[in-house]
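Results of the structural survey
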Amino acid sequence: MKTKNILLAAALVAFTAAPSIANAASATSSADAVIIAPVAVTKVSDLQFGTLGTTGTAGTVSISEAGARTGSNVDLLAGATASQAQFTVAGANSAAVTVTVPASATLASGGDNMTATLSSTNAGAGTLDGSGAMTVNVAASLAVGASQAPGTYATTFDVTVVYN
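Summary of the structure given here. Along each chain, numbering runs from 1 in the same order as the chain's sequence is written. In keeping with the model being predicted, local features are shown solely for residues with a pLDDT of at least 70 and side-chain atom pairs are shown and tallied solely at 80 or more, while totals for entire chains, interfaces and linings include all residues. Neither water nor hydrogens contribute to the side-chain values; these are computed over all heavy atoms in the structure.

The next thing to look at is the overall build of the protein. A helix here means a DSSP run of H or I that spans at least four residues, while a strand means a run of E at least two residues long, and both kinds are numbered starting from the N terminus. What the protein contains, in helices and strands, is one helix and 12 strands. Sequence-ordered secondary structure for the protein, helices as α and strands as β, is α-β-β-β-β-β-β-β-β-β-β-β-β. Each residue's exposure class comes from its accessible area (1.4 Å probe, protein chains only) as a fraction of the maximum for that residue type: buried when under 20%, exposed when over 50%, partly exposed otherwise. Split into buried and exposed, the 164 residues of the protein put 26% on the buried side. Throughout, a contact is declared for two residues whenever any of their heavy atoms are within 4.5 Å. In the protein, the proportion of contacts linking residues at least 24 apart, taken out of those at least 6 apart, comes to 69%. Each accessible area value is a Shrake-Rupley result obtained with a 1.4 Å probe; residue values ignore everything except the protein chains displayed when judging cover. With an accessible surface of roughly 10200 Å², the protein has 57% of that area assigned to carbon and sulfur atoms.

Right under this line is the structure:
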């Protein structure tokens, strides 16, 4: 009988130590995700300084974000049309983005170089418009040496746009 009482007591202890279903609770959560359109950057026009002549003194030729060309100690000659670099950005409506324009680019012709300092008012943090668009114009100032060697000077540079 003692064994029966011991087994009964052990079963009673195990039953009272087990969690009660009446004390259980639960809650439900939902999960969602929003996928936005990928950001895309498309070149509209290249940065063009046009045809230049040296004057025997170091100078600069500048292209504004609107495409206007000015020069100092450089002959601005007719020929190739000068223009700012222009890019269009497409993405999610009213999305926050960061636009990165390199600070400079080195134009080369053979072993000769010239450095262009690049800028854009859209560089840094910005917001795409209500239709998910933005235009990025890149202005530049090109340093021309006093006796810069003749040649066709060229380079490439990237404008990068990422979502914030």
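In spatial order, the strands read 10-7-12; together these three strands make up an open sheet with antiparallel pairing. The sheet terminates laterally at strand 10 (124-127) and strand 12 (160-163), the two strands that pair on one side only. The average undirected angle you get between the axes of adjacent strands in this sheet is 30°. With four bridges connecting them, strand 7 (residues 96-100) and strand 12 associate as antiparallel partners. Within strand 12, the residue paired with Thr100 across the bridge is Thr160. Only when DSSP finds a minimum of two bridges between them are two strands counted as paired. Angular values range over 0 to 180 degrees, each being the angle between N-to-C directions of two axes fitted as lines to C-alpha atoms, with helices fitted over their stretch in contact.

Turning next to the nonpolar core. The set of buried Ala, Val, Leu, Ile, Met, Phe, Trp, Tyr and Cys residues whose side-chain atoms join them within 4.5 Å is what this entry labels a nonpolar core. Grouped together as the largest cluster of nonpolar side chains are 29 residues, with contacts concentrated most on Phe49, Val99, Leu118, Val136, Val138 and Leu142. Of all the secondary-structure elements, those providing two or more residues to this core are strand 3 (59-63), strand 6 (85-90), strand 7, strand 8 (104-109), strand 9 (112-119) and strand 11 (133-144). Broken down by element, the residue count for this core peaks at six residues, all from strand 11. Aside from chain neighbours lying at most four places away, what touches Val138 is Leu47, Gln84, Ala85, Phe87, Val101, Leu118, Ser119, Ser120, Phe157 and Val159.

Our next topic: the pairing of strand 11. When strand 3 meets strand 11, the two strands line up antiparallel, connected through five bridges. Within the sheet, the bridge partner assigned to Val61 lies in strand 11 and is Leu142. Bridge count between strand 6 and strand 11: six bridges; the pairing is antiparallel. Counterpart to Phe87 in the pairing with strand 11 is Val136. Strand direction decides the pairing type here: strand 9 and strand 11, joined by four bridges, are antiparallel. Residue Leu118 lies in a different strand from strand 11, and its bridge partner there is Ala140.

For the rest of this paragraph, the subject is the pattern of salt bridges. In what follows, salt bridge is the name for a side-chain nitrogen of Lys or Arg lying within 4 Å of a carboxyl oxygen of Asp or Glu. A complete count under the given rule lists one salt bridge for this structure. In this structure, Asp46 and Lys43 form a salt bridge, with 3.0 Å as the shortest nitrogen-oxygen distance. Judged by relative accessible area, which is 39%, Asp46 ranks as partly exposed.

On to the pairing of strand 8. Of the two faces of strand 8, the one lined by Ala105, Leu107 and Ser109 is fully buried and the one lined by Ser104, Thr106 and Ala108 carries no buried residue. Linkage of strand 8 to strand 9, two consecutive antiparallel strands, is achieved through a turn of two residues, within which Gly110 is found at a positive phi near 60°.

Moving on, we come to the side chain of Glu65. Relative to the elements of secondary structure, Glu65 occurs in the loop between strand 3 and strand 4 (69-72). In summary, the charge assignment counts Lys and Arg as positive and Asp and Glu as negative, without counting His or the chain termini. Arg69 provides the closest opposite charge to the buried, unpaired Glu65, separated from it by 18 Å. Of the polar contacts made by the side chain of Glu65, one reaches the backbone nitrogen of Thr121; its length is 2.7 Å. If near-sequence neighbours (up to four positions away) are discounted, Glu65 is found in contact with Gln84, Ser120, Thr121, Asn137 and Ala139. What qualifies as a polar contact is a pair of N or O atoms within 3.5 Å, subject to a donor-acceptor requirement within protein and to the restriction that residues adjacent in sequence count only when both atoms come from side chains.

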